[in-house]
Structure formats: C-alpha cells, structure tokens
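Reading the structure
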Amino acid sequence: MRRATVAALVRKDLFTVLRNRGVRLPLILTPILVLGVLPIGLVVLGQFLIETAPEALAEASAGPLGQVADADARQQVVRDLPSEATWGVFVLELFLSPLYLLVPLIVATVIGADSFAGERERGTLEALLHTPLSDRELLAAKFLSAWIPAVAVAWLSFLGYAVLANWLLWPAVGALWFPTAGWVLLALWVAPGLSALGMALMVITSARVRTLQAAHQLGSLVVIPIILLLVLQVSGTYVLSIERIAGMGAVVWLAAGAALMVGTRAVRRERLSARL
Amino acid sequence: MAIIELRDVTRRFGDLTAVDGVTLDVEEGEIVGLLGHNGAGKTTLLRVINGLLRPDDGQVRVTRLDPFRDGHTVRHRTGVLTEYPALDAYLSAAENLLTHAAIHRVPRDLARARVSDLLDRLGLPQRRDTPARDLSAGLKQRVALARALVHDPPVLLLDEPTTNLDPVAASDVRTLVRTSATEHGRTVLLSTHNLAEAEVLCDRIAIMRQGRIVEQGTARELRTAAGPVTGVSVTTSVEGAARLAAARNGCSVLPVSPETVEFQGPVDVPKLVQELIAHDVPVYRVSPREPSLEDLYRRVHGRAPERTATTGSPAAHTQASTPRSAT
C-alpha cells in the first residue's frame, strides 16, 4: 500500500468534509446537542425541580441511583461526592455516557455514507476507479477519511464536556471531579473503536446501495445498540463499570476488525464499477 | 504496434449483452473514435479496456498488458475522461488536478507545473482556484480533460469529450486531443455520437450498435462503404433554381441554398445538364454528391438518409424551392 496515494485521497475527502455544509453540520451539531444542550438542560431542570419541590429531592436521592441494583456500581458513581451533587453526577456521568458514544458513531456514519454512495451519486466514483488506486488503498483512504474526523470530534467533544461537567457541578462539588476513569476509557478506547465499527459498516452499506439517501437510512440503524445501552444503563440493569467499558471496547474493536474484513470484500473495483 | 488490442470482447450484465464480440486494434499515436448511440456499449467498452470490468469472453490488451490482471500498471498509463465531467465539487480546479496527480504519484513540483500548463492551454488560468461546483458544465469538462492528462499518460480514453462544450471550447478540446496524438504520440480512443467530430478528429472510426462494431475504417473508407455517388449538386442562378421544377428529369430535387440544389438518386449528368440548358437554366457548377458518414451511420442503424426521409416527394421539394429562390 502506498501511503502517499492514500494520503492524497484522505486529504481530498477531508477537504470535502470541511467545506460541505451538509456533512459539516452534523459534525458540529451532534456534540453540541448531545454533550452541550442536553446535559445543561437536564442538570439545570433537575436542580430546579429539586429546589422547588423538596419531596422530589427525597425521590431523586433514592430515585435514579436507587434503581442501580449493583451496589458496587452505585458506589462507583456516588463515590464520596456531596449528596446535592447526586442528580448532576447521575446525569453527567451515568446517563450521558452511552449518549456520548453517539457522537463518534454519527460522525463516522455520516461521512461513511458519503464515502461510496455519495461519490457514486456525484459521479466522482468512476473517476477514482479509473486511477491506479488499489482496492485496499481505496478502502483504507475511505476508512481513514471518516475515522480521523470521527475520533477528532469525539475527543474534542470529550474535552469540552469535561469542562462543562466541572462547571455545572462546581457549586455542589467545589472541585474537579470529571473526567472519571470510566469516561477516559470510553473516550480513548471505546470511541475510536466505535468510530471504526460505524465506518466499516457504512463502507459496506455504502458500497452496496446506489444512493446517499439509502446509505443514510441504513446507517441510522447503527445507533440502535447505543439506545439499548442507554435504556439498560438508566434502568440500572447494566451500569457501565470500568471493567464493562473495557470489555465493551474490546468487543467493539473485534467487531470493527471483522466488519473491515467484510468491507475489503465489498470494496472491489469490479463490483463497484458494475453499479456505476 | 497496437497499443489497445481487443479480440472478440464480450461483456454482459445479466441478460443484457453490453459489449458483444468486439474486435478492434488501436495503433500507437492513432486516434480512433467509437461512434454510436447512447447505450451502444461505448462506455462499457472503455471500462473493460481500463480494467474496471472483466470481459466475460475475449481478450483485452493495453500496452500488451491484461488490464484486469495488471490494472494498476494499465491505469497508470491511461488517462480517462468519464462521460460526465464529475469533479470534486468542493475542491478547486487546481486541487482536483493536484489530487489526481498525487494519486498517480507525480512529484509535487512537476504536478504544479503541469497543472498550470494544462489550465493555460485549456483557457482556464483564471479559474484555477474556483471551486468546481461554481464552474459551468463546459468548464468542468475542460478541467476533467486536464485531469485525464495531468499524469502525462501515453493512452487517452475519452468518453464524449466535447459534450456540454460550446463550439469554441469544443474546438479547443479537439485541438488538444489532436496535438496529444501528433505531438506527444498519445494513443487516443474516444467515444462520441458527434459524426462531424469523429470525421474531423479521428484517424479511424468504429461504428457501434447494440454492443457490436458494425463498421470500422477511415472516414473515407466508411463513406465509400456507404454506397455509390447518390446524386449531384447543381449551382445555378436564383431564377434558374426557380425554374428547375420543370426540368427535374425524374429525380428528387432538394434546395440546399438559394443558388444550389441537389438532385438525389441515380442521375444521368450529361442528360440533366442538357435538359437544364434547354429550359434556359444557367448551370455554373455540377458536382457529384458523395455519401456522407451520416448516410452510413443512419444505414447501419436501420434508418433512411435524413434528407430523403424528411423532404417528402420531389414535387414537394420543388414547391418548397420556388418561393425561396424567388426572394
């Protein structure tokens, strides 16, 4: 594989991502909504309700974390933080951790959908297929051109979220409490793997469908496991402990590897050419 | 030496045979045109030649290499203009070219020089930094052609190179293609449905129909293949043209200008001239009407020559000619 050739194609795709408002907008809006507007709203609203309705405070203190069946997991969240921070910690650490994973996943799928289906729709795929790029170089370039922005957005969002979380709970905690070890693991281990998995799935999908719209529709299905994880987490059925996060990351990376291997079979010049 | 060699090449898509037993050689430095309707198989054939599609039957060689097995090397040696001038919309004209130069591993400095040169030659120096999405269809086509040339390939595969171009731009592109062959020794295989372009630009022409090459040769050979002389063109006076109705000698008469009419069909020229003079019709020039490439093209596509088909009876021709000649 020739790195310079792959780099040229990655550069082209990154330019397109940065200059195309249709692709750029979800990259900016997703983290702002998921890791900005949503936590602020939930924490502020929760604190307001607790302050205006004291009975809700009792409910809340026994409430969300009371649902967590696993005592170790409950302790992991509450730690030795003051009780008035319980609601905020629940929202910022527990509730939003699965949602954080949506950020790299959505970024990867939006760009991934564009990788082949978008190129085909714009007619630029044929020009690429007529170049000396090998199938593996094409796949590697398309993978990297979605994976790099997805991971970059995930990590930048994580940094921004850390600042926001500390700012929101500063009055209650009075110290830097975030990021937790679990979140660090999520950001550094799971998010890149999930970006790879989302991208690999989208490359396979995108190479098989004819239109960008069809690729987006199929791509939207990849968020279902995240929603399921959110439900399990909030209901207290499956709280993400450090061990579980590490294990989830390993599974995600393995799945990404498997999907990439399938992707190498999907991205064949003749197969793509026959669908032009 | 044949740079492109096709032997009984067939490519099917399910039940559809897009390319059907095509045999064609393109020699070094030659410009060969694939002439045919949309759907005749021209684009598929170009994709087979460049190794994008594997032929179901037959043999393809480009610079003596199998483009499917040695696709990487073959595609280094070919520059392709696709049917639609698809450029990356969010990249400038120069960025589009530089990206392809990088993919072809052209050293950066050389690539920059080539890009500037190509944009100059195609009349695009002012558009260098314009995003492709802001270019007109014609300008996109020119940039796409420059993209095909940016790695200086010995073989050019051009799919409808002058589609969307205005006459001046089309002429520029034809000049560039011609000089690519004559000055740079490039071998060019181009598809077109523009008869005049094929005739002017190509050393040889292959007419495709339903995936098959039904005729091939030089423009002159193809005109000859279209059949014998099909009539005469007579240059006369305005008044004389008006009086030709009475002297039409049993042939179809078609006005082609106020002073020129064509007699179509087998014509006994001396007798025709005698009759015209007998009717006091001045005759300044008589020349045989040679069959055109269009005549052959229409014949192989099962259509009668347009002039006869659309002008109706000889009487109608003459009636039509009279008022025009009189004015």
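For every chain, the first residue of the written sequence is number 1, and numbering continues from 1 along that sequence. Just so you know, chain letters begin at A and ligand numbers begin at 1, following the order they were written in. Reporting of local features is limited, given that this is a predicted model, to residues whose pLDDT is at least 70; pairs of side-chain atoms are given and counted only at 80 or more, and all residues count toward the totals for whole chains, interfaces and linings. Side-chain measures were taken over the full set of non-hydrogen atoms in the model, leaving aside hydrogen atoms and water.

**Thoughts on unusual backbone geometry**
Following A:F178, the chain continues into A:P179 via a peptide bond in cis, with omega recorded as 10°. Position of A:P179 relative to the elements: it lies in the loop between helix 7 (135-173) and helix 8 (181-208). Here the phi dihedral of B:D8 falls at roughly 50°; this positive angle occurs in a residue that is not glycine. The way it works is that DSSP assigns letters per residue, a run of H or I at least four long becomes a helix, a run of E at least two long becomes a strand, and they are numbered from the N terminus. Along the chain, B:D8 falls in strand 1 (residues 2-13). At B:R105, a position not held by glycine, the phi torsion is positive, near 60°.

**Digging into the pairing of strand 3 (residues 31-35) of chain B**
In regular strands, side chains alternate between the two faces of the sheet. Residues and elements named next belong to chain B. Only protein chains enter the calculation, and the probe is 1.4 Å; a residue is then buried if its accessible area is under 20% of its type maximum, exposed if over 50%, and partly exposed in between. Across the five residues of strand 3, five count as buried, placing the element largely inside the fold. In strand 3, alternate side chains face the same way, and those of I31, G33 and L35 on one face and V32 and L34 on the other are all buried. At least two DSSP bridges between two strands are needed for those strands to be called paired. Of the strand pairs in this sheet, strand 3 and strand 7 (residues 187-192) are connected by five bridges, and their pairing is parallel. The residue of strand 7 that forms the bridge with L35 is T192. Pairing analysis gives four bridges linking strand 3 to strand 8 (residues 204-209), with the strands arranged parallel.

**Some remarks on a positive patch on the surface**
Residue and element names in this part refer to chain A. Taken together, the side chains of R208, R265, R268 and R271 define a basic patch exposed on the protein surface. For R268, the location among the structural elements is in the loop between helix 11 (242-266) and helix 12 (269-274). When its relative accessible area of 42% is taken as the criterion, R268 is described as partly exposed. Only residues whose relative accessible area exceeds 30% and that take part in no salt bridge are eligible for patches, with like-charged residues grouped when within 9 Å of each other and nonpolar side chains (Val, Leu, Ile, Met, Phe, Trp, Tyr) grouped when within 5 Å. Areas reported here follow the Shrake-Rupley algorithm with a probe of radius 1.4 Å; residue values treat only the protein chains shown as occluding. For this document, the term salt bridge refers to a Lys or Arg side-chain nitrogen within 4 Å of an Asp or Glu carboxyl oxygen. When charges are counted, Lys and Arg contribute as positive and Asp and Glu as negative, whereas His and the chain ends are disregarded. Charged side chains are reduced to one point each, which is NZ for Lys, CZ for Arg, CG for Asp and CD for Glu.

**A short note on the packing of aromatic side chains**
Residue and element names in this part refer to chain A. Stacked, tilted and edge-to-face are the three classes assigned to paired rings of Phe, Tyr and Trp, where Trp is represented by its six-membered ring and a pair needs centres within 6.5 Å; plane angles under 30 degrees give stacked, over 60 edge-to-face, the rest tilted. Per the counting criterion, the structure on display carries 11 aromatic pairs over all chains. An angle of 35° between the planes, with centres 5.8 Å apart, marks the rings of W87 and F90 as tilted. With W87 and F90 both in helix 5 (residues 86-122), this residue pair falls three residues apart, about one helical turn. A relative accessible area of 22% means that W87 is categorised as partly exposed. Residue class for F90 comes out buried when judged on its relative accessible area of 6%. Ring geometry for Y100 against F158: centres 6.3 Å apart, planes inclined by 55°, an arrangement best described as tilted. A residue pair is termed long-range when its members are at least 10 positions apart, and Y100 in helix 5 and F158 in helix 7 qualify at 58 residues. Through a chain of ring-to-ring contacts, three or more aromatic side chains come together here, namely Y100, F158, Y161, W177, F178 and W183.

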